[in-house]
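So you can see what is in the structure, the chains are spelled out below.
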Amino acid sequence: MRSISPRAFRTRLYVLLMVFLLPLTMLAQTKKELKGVVTDSKGQPAGSVSVNVKGTNANVVTGADGSFTIRVAEGDILVFNAVNFIAFEQTVGKGATMAVTLKEKVGDLNDVVVVGYGKASRKTLTSSISSVKGGDLNRGPISDVGQMLQGKVPGLNISKSGDPNASAAIVLRGASTLRTGAQSPLFVIDGVPGADMSILAPDDIESIDVLKDAAAAAIYGNRAANGVIMVTTKRGKKGALQLNYNGYIAQEKVSNQLKMMNAEQYKSFLAKNNLVLAPENDKGGNTNWQDEVQRSSAISHNHNVSFGSGSENTTYNASVNYFDQQGILKLNGLKRMIARLSIDQKAINDKLKLGLSVTNSVSQATYVPYKGNILAQMLTYLPTAPVKNADGSWYENFNMSSYYNPVAMMSNAEEGSKYSNLLGTFTAQLKLPLGLTYDVNVSYQRFQNVYSAYYNRYFTNNYANVYSVPDPPADPSLVTIGGTNGKAERSTTTNTNKILETYLTWDRKFGLHSINAVVGYSYQDTENGDGFSASSTNFPTDAVSYYNLSLGNPYAVGSFRINLGGATYEHVKLISDFARINYSFNNKYSLQGSIRRDGSNVFGDNNKWGYFPSVGLSWRLDQEQFLKNVTFLSDLKLRASYGVAGNSAGFSPLTTKLIYGTRSQFYNNGVWDNALGAIQNENPDLRWEKTATTNIGIDFGLLKGRVTGSLEWYNKKTTDLIYTFPVSTSLYPSGSLTANVGSMTNKGFEFTLNVTPVVKRDFSWTSSINLAHNQNKLNSLSDSRFQADSIQLVQPDGGGQTGSKIQMILVGQPIGQFFVYKYAGQNANGVSTFYNAKGEQVSDLSKLNPRRDYYLAGNAQPKVILGWNNTFRYKNLDLNIFMRSVLGNKIMNVTRADLSWVTMAQFRNLPVALADESTKDVNAQIYSDRYVESGSYVRLDNATLGYNFKNVSKDIKNIRAYISGNNLFVITGYKGIDPEINQGGIAPGVDARNFYPKTRTILVGVNVSF
């Protein structure tokens, strides 16, 4: 090794020191104290604004005068954040001072909302649209998108039982049709109309926009009368790979049970009324049948993994979701797997943008066979009976009619569906000269369902006739199971939907003028009911279940008929042209107009085409000179709109056709032949129901956006109501005709208020409340051909009341009107009495006539719907509390009425509340206003406490752990299990003995970002 001189060594040492110290010296030289001032768009100081050096923990907060001081280096990026302002970044220059102007969020004025065939800024909206971000949706073990929106959107009335396989009933701004199943809004997922909600995982939702008035929804024409719910899913973003895991596990317990008598209480009641229990019913049991039918706790869990990334030209996003929810009824549940992939590609210098997304959802639903019957029998079955006999066999007493052990029923049958939903979408957008953009969207949807049921030999040999308890307006009935030694049913159905939509957009600005115009074409081809079903019976063993129908020997059972039918096949085509123009002047005045022309084969030959126009205006008063100096006002906009939309939901191409079918049988040469006849009349004039909506709204923002809100008033009128009327067979081949007759109105108002009461460096509190009021009214049911003023429906078929109906659709009244006897108390003999039309008290039912003596006893539609959300943040801790309320509605408690059948006390269990009643009251169970109860409630729907662990490691960006409670309490005077009775359909508010209990949930979850 060559030696070096001392001088050379010193020289090299100095060089090394300079290499190491130079960066530190430069850093010391470039670090400086920067003073700045932050103001709003009107020049007013902006206090409590967070100022952060990007990529570091250096952070300060502006004072009340908007000033701040922070140590930075030239080239650092400062990030300015505040609740009421749009986030802003600015690079530090050479100067020692900085002035920053932030733009107010102003009630989400700068937000972009999704509308039909495009997007729009809130500041130019002329119609009523409510938006909910994906992170603000209701969470928990929820399998239905509708339930995620409960209480979040004013005017959206959503009710849901605890059944994981039941869809939520959704009604927007009141019922506007008399057709069952035709009240739900149209769902549009990423621009695809009519997409099935089961393809959506909650964590994949970016935002939901609800188009509430016809001016907003008319662009979707004949499917938009009930409103449109636009769902936007998450897409990939350019940058480094983003990997996220969201998961939770939840425990659900029944939130409430009816207090039924135990064995001791029941026997005491019988003894007090000098009644003796039959020996076959007195087996020494003390059974709580609700506990036996229900799980003590149900476990649910959800796992979602998503990842995405991208470059300047290509972005992608993918996710996999697994959801498993046990129903609170034993054997009941839902499992679902959803996989989703989206890719966006830019080309031709960003002039062409291609998009491809594929989502597939596979679900396995496990049902409870004859669920309604089991829910009813778990209340009435005697507590003195055991679930099983001492020898392990099922306890039964077949001497009593339709009296079946509910646990045995559900344990000896199985029923379920395996269904998949595939949605594939291809989009292409080409930017053309002169501000033109051309879009093509092609989508393919396929729904496949395999239904299976097996009733084993115990079931078929012992439960020959089962009492069906369906949801209203369907009436209970006795169903013959058929078969022996086991019965199996299988069916398969495939529905497909192919959509092509193409539209040209022109977007230009000319000085103070802005124009956005869209003209397009839509083609939709739908096939439903492509499939078949089969059944068999008389199996040698129950072990094979429904997996091999060929093992059965149905021909040995003379009365059995093999089912070789299937769903009715339908082929529906829809062709549409549409156009819309938005004009804005100086960001103050906006005008919107649209029209859609729809043609469909589901309507009569004379009315296959319909036209749906709309127009809207808005005026931003806060931009006028006379309000410029009003410092407390940050936003004020007036809106007015009018539009017409249609309703073609629930129709098939066969609705208007003359159809022949079997009317009777006749004996012909030793053989029974079918006699054919008309079973449906032709109506070539049948046309769309049309709903015209006038909407007036005001949007406001105060105190630099810390208070924002909106107020809406609307008048919605539906004409050409479609209903099936009885007709004379001397004029028509069949006895009924589906025709357009009548009209209905919905009037109401909606109010939304968002407030940020506290904004500090470490603590903030935001609160939002929304409320809605709607008044529904049926105006007419008659025209020159058909004359009707009312429709009676809902026949619960309670004890001694076969044929009695409890609701009436009546001209001049809202849907959901209860129509029953007026209770007058008990007479001297302890028997319930009722007022007749003259006001006299009558106990003899033979002297009462429903047509003459019934009276209107309240309505099921609520007067007010409320939602109230509060979010508190302290450093890394956050707490969210969400409450909702429904006020002013009535519920017909059929369950309580039927449980009050005290004269049958020897054969049915009774509620504890009847302990002091007498079995002499032969009228106790009669449907009357005695059982029409207030359905008002206030519910603590969710409370969530979370903590964010930031910058955990180099690889983990953030971990959020949280604990959440759903349905923590409910305040109500309702005497049933829960006041959230179905408020959709044409027979809302009926507690029909088959209510699936709601649950109270405790949930623990974690969100991890890598």
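Computed from a prediction, not measured in an experiment: that's the story for all the values here. (Residues numbered from 1 in each chain as written. Predicted model: local features only at pLDDT ≥ 70, side-chain atom pairs only at ≥ 80, totals over all residues. Heavy atoms only, no water.)

Teacher, can you tell me more about the overall build of the protein chain here?
When you go through the protein chain residue by residue, the secondary structure sums to ten helices and 54 strands. Considering only contacts in the protein chain between residues 6 or more positions apart, those separated by 24 or more positions represent 70%. Surface accessibility of the protein chain: about 44900 Å² in total, with carbon and sulfur atoms responsible for 56%. Put simply, the protein chain has 100 plus and 77 minus side-chain charges, and the middle of one group is 8 Å from the middle of the other. (Helix = DSSP H or I, 4+ residues; strand = E, 2+ residues; numbered from the N terminus. Contact = heavy atoms within 4.5 Å. Areas by Shrake-Rupley, 256 points an atom, 1.4 Å probe, with all protein chains shown as cover. Lys, Arg positive; Asp, Glu negative; His and termini not counted. Charge placed at Lys NZ, Arg CZ, Asp CG, Glu CD.)

I tried to follow the sheet that holds strand β50 (residues 932–934) on my own but got confused; where do I start?
Hydrogen bonds along the backbone pair up the strands of a sheet, which may run parallel or antiparallel. The strand order β50-β49-β53 describes an open sheet built from three strands, whose pairing is mixed. What marks the edges here is a single partner per strand, and that holds for β50 and β53 (990–991). (Pairing = 2+ DSSP bridges.)

Explain the pattern of salt bridges here, please?
A pair can form between side chains of opposite charge whenever their charged atoms are brought close. With the rule as written, the count across this model stands at 32 salt bridges. Between Asp916 and Lys272 there is a salt bridge; the shortest N-O distance is 3.5 Å. Here Asp916, found in the loop between α10 (894–899) and β50, pairs with Lys272, found in helix α4 (residues 263–272); they are 644 residues apart in sequence, far enough to count as distant. Under the relative-accessibility criterion, Asp916 is labelled exposed at 71%. For Lys272, a relative accessible area of 49% puts it in the partly exposed group. With its nearest N and O atoms 3.4 Å apart, the salt bridge here joins Glu980 to Arg939. With Glu980 in the loop between β52 (958–972) and β53 and Arg939 in strand β51 (residues 937–950), this pair connects stretches of sequence that are 41 residues apart. Here the two residues Glu980 and Arg939 agree in accessibility, since each one is buried. (Salt bridge = Lys/Arg side-chain N within 4 Å of Asp/Glu carboxyl O. Buried < 20%, exposed > 50% of the residue type's maximum accessible area, 1.4 Å probe, protein only.)

Please clarify how the side chain of Asn746 should be interpreted in this entry.
Looking at the secondary structure, you find Asn746 in strand β38 (residues 743–759). Looking at Asn746, its side chain comes within polar contact range of the main-chain oxygen of Ala175, at 2.8 Å. Other than its neighbours up to four places away in sequence, Asn746 contacts Arg173, Gly174, Ala175, Ser176, Tyr714, Asn715, Lys716, Asn774, Gln775 and Asn776. (Polar contact = N/O pair within 3.5 Å; in protein donor to acceptor, adjacent residues only side chain to side chain.)

Help me understand the pairing of strand β7 (residues 97–101), please; the structure alone is not making it clear to me.
The side chains of a regular strand alternate, first on one face of the sheet and then on the other. Only one face of β7 is covered, namely the one carrying Met98 and Val100; the face carrying Thr97, Ala99 and Thr101 has none of its residues buried. Of the pairings in the sheet, the one linking strand β1 (residues 32–39) to β7 comprises five bridges and is parallel in character. When the sheet's bridge partners are listed, Val37 is paired in β7 with Ala99.

When you look at the pairing of strand β15 (residues 205–211) in this model, what are you seeing that I'm missing?
Among the seven residues of β15, six are classified as buried, and the element is accordingly described as predominantly covered. In the sheet, strand β10 (residues 129–133) pairs with β15 via five bridges, with the strands oriented antiparallel. Bridging from a neighbouring strand, Val132 pairs with Ile208 of β15.

So what exactly am I meant to see when it comes to the sheet that holds strand β42 (residues 817–820) here?
An order of β40-β41-β42-β46 is seen for the four strands of this open sheet, with the pairing classed as antiparallel. Each edge of the open sheet carries a strand with a single partner, namely β40 (790–793) and β46 (855–859). In this sheet, neighbouring strand axes are inclined to one another by 35 degrees on average, regardless of whether the strands run parallel or antiparallel. Relative to β46, β42 runs antiparallel, the two being bridged by three bridges. Bridged to Phe819 within β46 is Leu856. (Axes fitted to C-alpha atoms, helices over the stretch in contact; angles between N-to-C directions.)

Looking at this model, I keep getting lost on the environment of Ile70. Mind explaining?
Position of Ile70 among the secondary structure elements: in strand β4 (residues 67–72). You can call Ile70 buried: its relative accessible area is 6%. Considering only alpha carbons, one finds Ile70 and Asn389, 319 residues apart in sequence, at a separation of 80 Å. Every residue in contact with Ile70, bar those within four places of it in the chain, is listed here: Lys32, Glu33, Leu34, Val51, Val53, Val60 and Leu78.

Help me understand the environment of Leu186 in this model?
Inspection of the secondary structure assignment puts Leu186 in strand β13 (residues 186–189). Excluding its chain neighbours within four sequence positions, the residues that come into contact with Leu186 are Pro193, Gly194, Tyr220, Arg223, Gly227, Val228 and Ile229.

Explanation requested: the packing of aromatic side chains in the structure shown.
In this description, a pair of aromatic rings is defined by centroid distance and the angle of the planes. Taken as a whole and assessed by the stated rule, the structure comprises 32 aromatic pairs. Arranged with centres 4.8 Å apart and planes meeting at 75 degrees, the rings of Trp289 and Tyr381 form a pair that is edge-to-face. Taken together, the positions of Trp289 in helix α5 (residues 289–293) and Tyr381 in the loop between α6 (371–380) and α7 (406–411) put the pair 92 residues apart, joining distant regions of the chain. Tyr381 matches Trp289 in its accessibility class, with the two residues each being buried. Through successive ring pairs, a cluster of aromatic residues spans Tyr370, Phe398, Tyr404, Tyr455, Tyr458, Phe459 and Tyr463. The positively charged end of Lys388 is found above the aromatic ring belonging to Trp394, 4.6 Å away from the centroid. (Phe/Tyr/Trp six-rings, centres within 6.5 Å; stacked < 30°, edge-to-face > 60°. Lys NZ or Arg CZ within 6 Å of the ring centre and 35° of its normal.)

I would appreciate a short explanation of α6 in the present structure.
Most of α6 sits inside the fold, with nine of its ten residues counted as buried. Listed as buried for α6 are Gly372, Asn373, Ile374, Leu375, Ala376, Gln377, Met378, Leu379 and Thr380. Buried positions along α6 lie against α5, α7, β24 (465–468) and α10.

I keep staring at the side chain of Asn909 and nothing clicks. Help me out?
Residue placement: Asn909 occurs in the loop between α10 and β50. Within the structure, Asn909 has its side chain in polar contact with the backbone oxygen of Met261 (distance 3.1 Å). The residues contacting Asn909, other than those within four sequence positions of it, are Met260, Met261, Tyr266, Leu379, Thr380, Tyr381, Leu382, Pro383 and Leu899.

Whenever I open this one, the environment of Asp350 confuses me. Can you help?
Structurally, Asp350 is set in the loop between β20 (333–347) and β21 (352–367). Note on Asp350: relative accessible area 39%, which makes it partly exposed. Taking the C-alpha atoms as reference points, Asp350 and Thr62, separated by 288 residues in sequence, lie 40 Å from one another. Apart from residues lying up to four places away in sequence, Asp350 is in contact with Asn313 and Lys431.

What exactly am I supposed to notice about a positive patch on the surface here?
A contiguous patch of positive charge on the surface is contributed by Lys119, Lys346, Lys353 and Lys431. Topologically, Lys119 is positioned in strand β9 (residues 118–121). (Patch = residues over 30% accessible without salt bridge, like charges linked within 9 Å, V, L, I, M, F, W, Y side chains within 5 Å.)

Any chance you could explain the nonpolar core here in plain terms?
Nonpolar side chains tend to gather and get buried jointly when the protein is soluble and globular. Formed by 51 residues in total, the largest nonpolar core has its most connected members in Trp289, Val293, Met409, Phe459, Tyr463 and Val466. Contributing elements (two or more residues each) for this core: α4, α5, α6, α7 and β23 (436–455). For Val293, the contacting residues outside a window of four places in its chain are Ile328, Leu329, Lys330, Ile374, Met378, Pro406, Val407 and Met410. If you look at the next biggest cluster of nonpolar residues, it comprises 32 residues, including Ala860, Ala897, Tyr931 and Val932. (Core = buried A, V, L, I, M, F, W, Y, C linked by side-chain atoms within 4.5 Å.)

Looking at this structure, I do not really get α4. What am I missing?
In an α-helix there are 3.6 residues to a turn, and that puts residues three or four apart on one side. Of the positions making up α4, those classed as buried are Ala263, Tyr266, Phe269 and Leu270. Across the axial projection of α4, the buried residues extend over an arc of 130 degrees, all falling on one side. Along α4, the residues that are exposed and aim more than 90 degrees away from the buried face are Glu264 and Ala271. Where α4 begins, one side-chain oxygen reaches toward the backbone nitrogen of Glu264, 3.2 Å away; that side chain belongs to Asn262. Of the residues trailing α4, Asn274 is marked for its positive phi of about 55 degrees. (Arc of directions from axis to C-beta.)

Can you help me understand unusual backbone geometry in this one?
Working note: non-glycine residues mostly have negative phi, and peptide bonds are mostly trans. Geometrically, the link from Pro472 to Pro473 is a cis peptide bond, its omega value of 15 degrees lying close to zero. Structurally, Pro473 can be placed in the loop between β24 and β25 (477–480). Of note, the phi angle at Asn587 is positive, near 60 degrees, even though the residue is not glycine. With respect to the helices and strands, Asn587 occurs in the loop between β28 (570–585) and β29 (589–600).

Would you take a moment to explain the confidence of the model for the protein chain for this structure?
Low pLDDT means the predicted atomic positions in that stretch should not be read closely. Looking at the protein chain as a whole, its pLDDT mean stands at 90, while 96% of the residues score no less than 70. In the predicted structure, residues 13–29 sits below a pLDDT of 50 and forms zero contacts with residues beyond four places in sequence or in another chain. (pLDDT = per-residue confidence, 0-100.)

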